[in-house]
2 protein chains.
Amino acid sequence: MVTKQYTGSPEDADLMRADSLAREIFSDVANKWAFLIIEIVGDRTLRFSELRDEIEGISHKMLTQNLRMLERNGLVERKVHPTVPPRVEYTLTEPGHGLRATIDGMCGWTRRHLGHIEASRRRFDA
Amino acid sequence: MVTKQYTGSPEDADLMRADSLAREIFSDVANKWAFLIIEIVGDRTLRFSELRDEIEGISHKMLTQNLRMLERNGLVERKVHPTVPPRVEYTLTEPGHGLRATIDGMCGWTRRHLGHIEASRRRFDA
DNA sequence: CCGAATCCACTTGGATACTG
DNA sequence: CAGTATCCAAGTGGATTCGG
């Protein structure tokens, strides 16, 4: 993905389609709110309002938008209980858990490099 | 990171600071251009113009902006050769390679789930 | 060649109000 | 409670120009 140079040969056409699709998916998902949502859901089952309470600073609108996007891509499952008042619960799907694992890796990386990054920033800002 | 509930106890203060810093860094870095840049640099050394040519669709401005950001956070190194015309080369730092590994993981995940995602989208859009 | 700065069209996201 | 729609303020990103 990403670095290939296309020659225009016929068998390249499929690769290119897969590639640009991958890139599109990547762009969908590689945003901070999506990551945060996936991390926070984890293996729990959370209601809309619980999610909003746990994700500091997210607005109602952003949360719905990202949940829809994640649902559309099959990363979270949305379960509606037909009660009054309504109760809607979100969980990660199996592919969602896979993605979560990679995000976990990134969180770990962040934690391990906090010091280095802070130092680098101070140097840069001077 | 992210999910902890703070009690307000003194020892929590440091955790909270580290946490919000981690989140800030995360927000900096978790954007599609940054990911793409890191992936494309890989273990190569690339000039500004080479980068722009390889990253389809990125504008001059976005590229500079993200390169500055990555440099500030110590993920890429910027080397200026004092020639005429100027020659500026970018490489990943050691922490940059660490982050790259996690992004690689995410790319792999995307490739493995292209089919599932496409199917899920079709279902959703109907 | 690289990058900073300006301009401005366009998108984004927050606040609010309204429905089932 | 969950979600949609609207409005509008603020931010973003592209094109262009100028400078080192």
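Just so it is clear, the model here is predicted, and its values are computed rather than measured.

Caption draft 1: Inspection of the protein's contact with DNA strand C at higher detail. Close to DNA strand C lie 17 residues; Ser59 and Lys61 of chain A together with Ser49, Arg78 and Tyr90 of chain B are nearest. By atom count, sugar and phosphate contribute 65% of the portion of DNA strand C lying within 4 Å of the protein. A distance of 2.9 Å separates a base nitrogen of DNA strand C from a polar side-chain atom of His60 of chain B. Taking Tyr90 of chain B, its side chain carries an N or O atom lying 2.7 Å from a phosphate oxygen of DNA strand C. Elements with a contribution of two residues or more to the surface near DNA strand C: α4 (60-72) of chain A together with α3 (48-54), α4 (60-72) and β3 (87-92) of chain B.

Caption draft 2: Quick look at the protein's contact with DNA strand D. Looking at DNA strand D, there are 17 residues lining it, with Ser49, Arg78 and Tyr90 of chain A together with Ser59 and Lys61 of chain B nearest. Sugar plus phosphate, as a fraction of atoms of DNA strand D within 4 Å of the protein: 61%. Between Arg47 of chain A and DNA strand D, the recorded distance is 3.0 Å, taken from a side-chain N or O atom to a sugar or linking oxygen. Between His60 of chain A and DNA strand D, the recorded distance is 2.9 Å, taken from a side-chain N or O atom to a base nitrogen. Broken down by secondary-structure element, the contributors of at least two residues to the surface near DNA strand D are α3 (48-54), α4 and β3 (87-92) of chain A together with α4 of chain B.

Caption draft 3: Highlighting the pairing of β3 of chain B. All names here are of chain B. Looking at chain direction, strand β1 (residues 46-47) and β3 are connected through two bridges and run antiparallel. Opposite Arg47, over in β3, you have Glu89 as the bridge partner. Two elements, strand β2 (residues 76-81) and β3, share six bridges in a ladder whose sense is antiparallel. Looking at the pairing, Val76 lines up with Leu92 of β3. The turn linking β2 back onto β3 is made up of five residues.

Caption draft 4: Structural view of the sheet that holds β1 of chain B. Residues and elements named next belong to chain B. Spatially, β1-β3-β2 is the arrangement adopted by the three strands of the open sheet, whose pairing is antiparallel. Strands at the two margins of the open sheet, each flanked by one partner only, are β1 and β2. Contacting β1 and β3, helix α2 (residues 32-41) runs over the sheet at an angle of about 95 degrees to β3. Together, β2 and β3 form the strand contacts of α4, whose direction differs from that of β2 by roughly 110 degrees.

Cut-offs used in this document
Residues numbered from 1 in each chain as written. Chains lettered and ligands numbered in written order. Predicted model: local features only at pLDDT ≥ 70, side-chain atom pairs only at ≥ 80, totals over all residues. Heavy atoms only, no water. Near = heavy atom within 4 Å. Polar contact = N/O pair within 3.5 Å; in protein donor to acceptor, adjacent residues only side chain to side chain. Helix = DSSP H or I, 4+ residues; strand = E, 2+ residues; numbered from the N terminus. Pairing = 2+ DSSP bridges. Contact = heavy atoms within 4.5 Å. Axes fitted to C-alpha atoms, helices over the stretch in contact; angles between N-to-C directions.

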